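# Secondary and tertiary structure notes
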Amino acid sequence: MPYKDMREFLGVLEKKGQLRQIDVPIKAAHGDNELQALMRLLCQNDGPAAMLNNLEGYNRPDVPVIFNPFGTRERTAMMIDCTEPLEMKHKHAKVLSNPSSWHAPVVVDKDKAPCKEVIIKKENISLDKNLPHVFFGKEAASYITGGLGITKDPETGDVNMGCYRITQLWNAVHPLGEEYPEEQQKQQLSVFAFWNPPMSHIGLHLARATAMGKPLEVAFALQCDPALHMAGATSVPFGKSEIEFAGGLRGAPVEVVQCETVDLQVPATAEFIIEGAFIPNSETTIGNHSNPVGYYDAIQVFPRFEVTCITHRKDPLWYATMEMIPPFDHNYQALVPVEGEILGDLQRKIPEVQDVVVTPNMTYVVQLNVDGARKPHSEFGKYVLHAVWGSAGRWGRTAKIVIVVGPDVDPYDMDSIEWAIATRVQPAEDTIINQSGQAFLLDPSATKGHHGFPVVGSQMGIDATMKVPERFSTYQEVSMPTPEEVASLAEKLKDVL
Ligand SMILES: Cc1cc2nc3c(=O)[nH]c(=O)nc-3n(C[C@H](O)[C@H](O)[C@H](O)COP(=O)(O)O)c2cc1C
């Protein structure tokens, strides 16, 4: 059954004991660091989701903050109604590759759209008051991280929806020591929206609109049905709608409603909607921003949009997250589309591929369903490494470290992967160094190109399959109790341990 909205998903988490109400005061003002510490505490132990009901130094104490809802692989699978990570990846890859299983959205009347319960018109917009602000770590601004940005291609009218971070300029520190003008702090927002291949589709819409001399309208839907957030984090081919893809993931159309001030339709059960139009050729310098590879970006330059309307539910919920050295709560949300994209492509041509797991630090692990003498040939592991770099889509080509393992290695468990590398790999024979790979944009170890980010980098592939019969004639017996034996002993000793 699809979730109607984020609230329904949170209700399911609470019933399963996976969501805690936190009434203890937590500091969330600029300069405090309790939210980042809480994220670490919860994510390092696969901890529960939380509803933060008592934030200190917070401008909107009436709006509780959803925290860590997707912080484990299991809860991420639940976003599209699955229980197992592999089941989810298969569902994601299957729906993505078959647009005939997608559903066009259905339009509902405004009076049936909860996101319109409160309407704040342009003349009353004052972003210091209208939107919640919470601060993490040494970040210079309060970022909006639960938003799905919806725009239309100014040439074709095709709709795009993606997760893009928004910077709130109110009470933000300028990285060059300047002040953001008051009208920017109170009426405008800055969006991570620019087009540098293979970057975002909102950026491409904006580049096209700028070339045509037109302002680009935008609407952000905040805190929606989690299937929409999964779709928004997926690189659906340009020109195809993530809202329709979300309909496929849900197995039912998304209900959308017409915006008040822009010609766009947004998910009707969102908690907040922010409408506006990009200011042509606007540029705002922001930073620090803490990024998903675990460093602060000191300076970034992004376009701004003028807010023309905000609508929200009567008792709205906010969502806040941050990126830092992994793990953090939306790691897996961002990784499932990467895994699904490569898994779907590899399985279409290589039936021996069983699973693709991308770790939070972006090591790509391919698990095969055969090993040793059952591999089609002795160099098969290397063939799979090349196939990852040559896979369709945005991500495989940027895989910096790829490891191929057999079916007895748990691709979700770094200890297991490391054991396979330690016992099945001779570096000179079983690794490949590709000196002309495409760099992952955020890799700080790769040399930057003239646009200021890395384009080309080297890559390493490790064939950690068993080298039978090419190097050894027999399989060594492994020393390990079965999971059943461990579970049975745990049961026997449960009162003692
Ligand atoms: C919580 C979250 C925040 C994200 N923030 C950004 C962002 O600020 N900018 C960006 O380009 N991608 C961001 N991403 C990744 C994009 O959503 C993802 O690459 C998506 O495919 C972009 O959509 P598009 O392919 O339609 O452009 C984020 C993902 C998640 C899950």
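A brief report on the enclosed structure follows. Note that this is a predicted model, so its numbers are computed, not measured.

## Some words on the pattern of salt bridges
All told, the structure shown has 27 salt bridges when counted by the stated rule. Here Asp 263 and Lys 152 are joined by a salt bridge, their closest N and O atoms 3.4 Å apart. Here Asp 263 is found in the loop between β14 (255-258) and β15 (265-267), whereas its partner Lys 152 is found in strand β9 (residues 147-152), with 111 residues between them in sequence. The partly exposed category is assigned to Asp 263, whose relative accessible area is 48%. When the shortest N-O distance is used, the salt bridge between Glu 182 and Lys 186 registers 2.9 Å. Remark: Lys 186 and Glu 182 occur in helix α6 (residues 182-187); sequence separation between them is four residues, near one turn of the helix. Under the relative-accessibility criterion, Lys 186 is labelled partly exposed at 23%. Ionic contacts of the salt-bridge type, sharing partners, join the residues Asp 5, Arg 7, Glu 271 and Arg 313 into one network.

## As for a negative patch on the surface
A cluster of acidic side chains, namely Asp 46, Glu 74, Asp 81, Glu 84 and Glu 87, defines a negative patch on the protein surface. The residue Glu 87 is located in helix α4 (residues 85-97) in this model.

## Re the sheet that holds strand β1 (residues 19-22)
A sheet is described by the order of its strands in space; here four strands give the open sequence β1-β3-β5-β22, paired in mixed fashion. Of all strands in the sheet, those with a lone pairing partner are β1 and β22 (318-319), marking the two edges. Inspection of the sheet shows strand β5 (residues 65-67) paired to β22 by two bridges, in the parallel sense. Bridge assignment links Val 65 to a residue of β22, and that residue is Trp 318. Its contacts with the sheet place helix α1 (residues 6-15) against β1, β3 (49-52) and β5, and it is angled at close to 100 degrees to β1.

## Side note on helix α7 (residues 201-211)
Listed in full, the buried residues belonging to α7 are His 201, Ile 202, Gly 203, Leu 204, His 205, Leu 206 and Ala 209. Where α7 ends, the next residue or the one after it, Gly 213, has phi of about 70 degrees, a positive value.

## A short note on the site of the ligand
Every one of the 17 residues lining the ligand counts as a neighbour, but Asn 160, Cys 163, Tyr 164, Arg 165 and His 201 are closest to it. Within the side chain of Glu 242, one N or O atom sits 3.0 Å away from an oxygen atom of the ligand. Of the residues assigned to the shell around the ligand, the class counts are five nonpolar, nine polar and three charged.

Scoring rules and cut-offs
- Residues numbered from 1 in each chain as written.
- Predicted model: local features only at pLDDT ≥ 70, side-chain atom pairs only at ≥ 80, totals over all residues.
- Heavy atoms only, no water.
- Salt bridge = Lys/Arg side-chain N within 4 Å of Asp/Glu carboxyl O.
- Helix = DSSP H or I, 4+ residues; strand = E, 2+ residues; numbered from the N terminus.
- Buried < 20%, exposed > 50% of the residue type's maximum accessible area, 1.4 Å probe, protein only.
- Patch = residues over 30% accessible without salt bridge, like charges linked within 9 Å, V, L, I, M, F, W, Y side chains within 5 Å.
- Areas by Shrake-Rupley, 256 points an atom, 1.4 Å probe, with all protein chains shown as cover.
- Lys, Arg positive; Asp, Glu negative; His and termini not counted.
- Charge placed at Lys NZ, Arg CZ, Asp CG, Glu CD.
- Pairing = 2+ DSSP bridges.
- Contact = heavy atoms within 4.5 Å.
- Axes fitted to C-alpha atoms, helices over the stretch in contact; angles between N-to-C directions.
- Near = heavy atom within 4 Å.
- Polar contact = N/O pair within 3.5 Å; in protein donor to acceptor, adjacent residues only side chain to side chain.
- Nonpolar A, V, L, I, M, F, W, Y, C, P; charged D, E, K, R; others polar.

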